[in-house]
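Below, each chain spelled out in residue letters.
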Amino acid sequence: MPIEPGCKVFVSVGATFSKDGILRPAWLEWEDGTRYKIERIKHCERAASLKAGGIGYRYTCLICGQEHFLYYDDADGKWFVERK
Amino acid sequence: MDRVILHSDMNSCYASIELLYHPELRGKPVAVGGDPEARHGIVLAKSGLAKKAGVKTGMALWQAKQVCPDIIFVRPHMDLYLRFSKLAHEIYADYTDLQEPFGIDECWLDVTESCGILGTGEQIAEEIRNRVKHELGVTVSIGVSWNKIFAKLGSDYRKPDAVTVISRENYRNIVFPLPAGDLLFVGRATQRKLYKYGILTIGALAEADPALLRSLFGKAGLILSVFANGNDETPVSMENTEAPIKSIGNSMTTPRDLVNDGDVKIVLYLLSESVAARLRENQFACRVVEVSVRDNGLYSFTRQHKIETPTNITGEIAEEALRIFRADYRWENPIRSIGVRACGLCDPQSPVQLSFFQDENYRERLRRADRATDDVRKRFGYYSVQRGLMYCDPALSHTDAKKDHTIHPHGYMERGNRTGADEKERR
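About the thresholds
- Residues numbered from 1 in each chain as written.
- Chains lettered and ligands numbered in written order.
- Predicted model: local features only at pLDDT ≥ 70, side-chain atom pairs only at ≥ 80, totals over all residues.
- Helix = DSSP H or I, 4+ residues; strand = E, 2+ residues; numbered from the N terminus.
- Rg over C-alpha atoms; globule rule 2.2 N^0.38 Å.
- Contact = placed C-beta atoms within 7 Å.
- Buried ≥ 20, exposed ≤ 12 C-beta atoms within 10 Å, placed from the backbone.
- Pairing = 2+ DSSP bridges.
- Axes fitted to C-alpha atoms, helices over the stretch in contact; angles between N-to-C directions.
- Parallel < 35°, antiparallel > 145°, perpendicular 65-115°, else oblique.
- Left-handed = near helix turned anticlockwise from the far one by under 90°.
- Nonpolar A, V, L, I, M, F, W, Y, C, P; charged D, E, K, R; others polar.

Trainee: Would you take a moment to explain the overall build of chain A for this structure?
Mentor: Counting secondary structure elements, chain A contains zero helices and seven strands. Reading chain A from its N terminus to its C terminus gives the helix and strand order β-β-β-β-β-β-β. Against the globule reference of 12 Å for 84 residues, chain A gives a C-alpha radius of gyration of 13 Å, in line with a compact fold. Judged by the C-alpha coordinates and their principal axes, chain A covers about 45 × 25 × 20 Å. Long-range pairs, those at least 24 residues apart, make up 31% of the contacts in chain A between residues at least 6 apart in sequence.

Trainee: In this structure, what is going on with unusual backbone geometry? I would like to understand it.
Mentor: Trans is the prevailing form of peptide bonds, just as negative phi is the prevailing case for residues other than glycine. Residue and element names in this part refer to chain B. A cis geometry characterises the amide bond from Lys-159 onward to Pro-160, with omega recorded as 0 degrees. Of note, Ser-12 is a non-glycine position whose phi angle comes to about 25 degrees, a positive value. A tally of 25 C-beta atoms within 10 Å means that Ser-12 is categorised as buried. The phi dihedral of Asp-161 is positive, around 55 degrees, even though this residue is not glycine. Among the structural elements, Asp-161 can be located in the loop between α7 (148-157) and β8 (163-165). On the neighbour-count criterion, Asp-161 (15 C-beta atoms within 10 Å) is partly exposed.

Trainee: Is there a simple way to think about the sheet that holds strand β2 (residues 30-33) of chain B in this case?
Mentor: What holds strands together in a sheet is hydrogen bonding between their backbones, with the strands either parallel or antiparallel. All names here are of chain B. Reading across the sheet, the three strands line up as β3-β2-β4 and stay open at both edges, with mixed pairing between neighbours. The open sheet has two edge strands, β3 (43-46) and β4 (72-74), and neither has a second partner. On average, each strand axis in the sheet is tilted by 35 degrees relative to the strand beside it, whichever way the strands run. Here β2 runs beside β4; their pairing, made up of three bridges, is parallel. The residue of β4 that forms the bridge with Val-30 is Ile-72. Along the sheet, helix α1 (residues 13-21) makes contact with β2, β3 and β4, crossing β2 at roughly 115 degrees.

Trainee: What am I meant to see in the packing of helix α13 (residues 261-281) of chain B against helix α14 (residues 314-328) of chain B here?
Mentor: When two helices pack together, you describe them by how their axes are tilted relative to each other and by the distance separating the axes. Residues and elements named next belong to chain B. Orientation of α13 relative to α14, taken along the N-to-C sense of each, is 140 degrees, at an axis distance of 8 Å. If you check the angle between α13 and α14, you find them oblique. Between α13 and α14 lies a crossing of right-handed hand. Listed contacts from α14 to Asp-261, Val-264, Lys-265, Leu-268, Tyr-269, Ser-272, Glu-273, Val-275 and Ala-276 of α13 are Thr-314, Ile-317, Ala-318, Ala-321, Leu-322, Phe-325 and Arg-326. The residue makeup of the contact of α13 with α14, split by class, is ten nonpolar, two polar and four charged.

In structure tokens, the structure reads:
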């Protein structure tokens, strides 16, 4: 199955740091400019995204009641998601 | 009790990482190779498909194109590979502090002490294999055994993405039928010699009389016997321990062939600047300067010369290198690559016999100039201060040999022979 290029979408993210140094994304801005609130972070772990092509910390987020993966690449400080 | 040693090997490391970052290239034959224009044109790594087509590591790019016309070349990204290597070591560190890297993509782990808590060697290996795949998106193959040599054989035995256990029960079935050349330390020359005596497999090597091997290869023969029988006792070194530096060298394949002494002078100075700066950085002076030359017919030679007074002065090392070169090269062919190495390292502060024929005041001024250059370069970058010579040919000289210097796998015996072969001989 050919993989379509452009599965990696870099997004702007608003995030908070707790006083213990824990980074939590609060919202993200999609390509069309819409801001989506992250309702809940279910899980965070190091993981690779084969689909988008990259590695980083993967946040399993609840957005509009649905689960999405949001990646934070700590090497270049960029956030990205996989295009569905 | 036997040790439990893992050898983890990232499968076609560079190519896998490039494919991870370029999903559009997956399913195509890909090779990671240097810059064809700068003539660092060889294949460093290849993807599975390219391998099937017959592309081999070390091939020139044009050769790879011949055997596999559809091949896609990707430039290497060393910083990315180093990051993956570091992340892999972080995963290994969750299981043991005894980890010894062998090059950028291979590592030995001694998990003997963790086995009571984390499960058997095989379970730990499976966990590491899964974690690397999940967290880094690349695959590793891991060998599990009671010694480093068999662990390494295990990681080569089945790949990619596999764990092979070589135990005291099964090693005769797995290891012994393998060709002798698969064993660490058996290179082409050794293999040829072994073939002459009918020793084709590791099993035959293990059963060969150590006395015969000794007569053929000297001490190394005994080591081979120990390796083949799985009796290697070399320990896995602690994390972050480095063997003492024995020499500092730099070599480069130049952007174009060197055709006269003038060209060579530029490059030798460039390399000497890097070597001398690294000597100073590590608080060394050298007693021996070594020059290696390879011409465009790939004929190569190495010459070294002892110098009167230990030095880490750039100018002195470069002039010595130039002298060695002029004395020994006849310009039958243009030169493709050249290297400078400083050996016989010693403490620059140790007392030396002064000479009537050397002006120590002048040498002190050279030292001060070098220190100042190092300082300026540290603050403003390598090209902020240059020798006038370098402006004769900017294309040749526009390389920071020191920064471009990267790490090669260390020798297995770098910390000395710890295989246990000597003791067996004494006994």
